[in-house]
Amino acid sequence: MSKTEKDSLGSNDESWKERNLKLRVFVYIFGTHIIAGFVMLLFYLGQHADK
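Procedures and definitions
- Throughout this description, residue numbers start from 1 for each chain and increase along the sequence as written.
- Given that this is a predicted model, residues contribute local features only at a pLDDT of at least 70 and side-chain atom pairs are listed and counted only at 80 or more, while totals for whole chains, interfaces and linings are drawn from all residues.
- Side-chain figures throughout are based on the complete set of non-hydrogen atoms in the structure, without hydrogens or water.
- We count a stretch as a helix when DSSP gives it H or I for four or more residues in a row; a strand needs E for two or more, and each element gets its number in order from the N terminus.
- The cut-offs for exposure are 20% and 50% of the maximum accessible area for each residue type, with area from a 1.4 Å probe on protein chains only; residues under the lower value are buried, those over the upper are exposed, and the others partly exposed.
- Each accessible area is a Shrake-Rupley result for a 1.4 Å probe, and residues are judged covered by the shown protein chains and nothing else.
- Exposure above 30% relative accessible area and no salt bridge define the residues that can form patches, which grow by joining like charges within 9 Å and nonpolar side chains of Val, Leu, Ile, Met, Phe, Trp and Tyr within 5 Å.
- Here a salt bridge means any side-chain nitrogen of Lys or Arg lying within 4 Å of a carboxyl oxygen belonging to Asp or Glu.

Moving on: the overall build of the chain. Helices and strands together make up the secondary structure of the chain, namely 1 helix and 0 strands. A buried classification covers 0% of the 51 residues belonging to the chain. Entry remark: accessible area of the chain is about 5,000 Å², with carbon and sulfur atoms responsible for 68%.

Here's what the structure looks like:
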C-alpha cells in the first residue's frame, strides 16, 4: 500500500468513528429526554389523581 492509500484509509476510519460518536450522542440525548418526559408525565398524573 502506498502512503496516500494508508492516509485515505485512516481518514475514512476517523470519519466513521466521528459519525458513530455523533449518532451515539444523539441517541443518548434523545433517550434521556424520553425518560425525563416519562418521569414528568408520572409526576403530572400523580398530582392530578383523585385521592
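Structure's up, so let's keep going.
Moving on: a nonpolar patch on the surface. Taken together, the side chains of Ile 35, Phe 38, Val 39, Leu 41, Leu 42, Phe 43, Tyr 44 and Leu 45 make up a nonpolar region of the molecular surface, amounting to roughly 830 Å² of accessible area. For Phe 38, the location among the structural elements is in helix 1 (residues 3-47).

Below, the discussion takes up the pattern of salt bridges. Overall, the coordinates contain 2 salt bridges when judged by the stated rule. Measuring nitrogen to oxygen at the nearest pair gives 3.7 Å for the salt bridge that ties Lys 17 to Asp 13. With a gap of 4 residues between them, Lys 17 and Asp 13 both fall in helix 1, about one helical turn apart. The exposure class assigned to Lys 17 is partly exposed, which follows from its relative accessible area of 43%.

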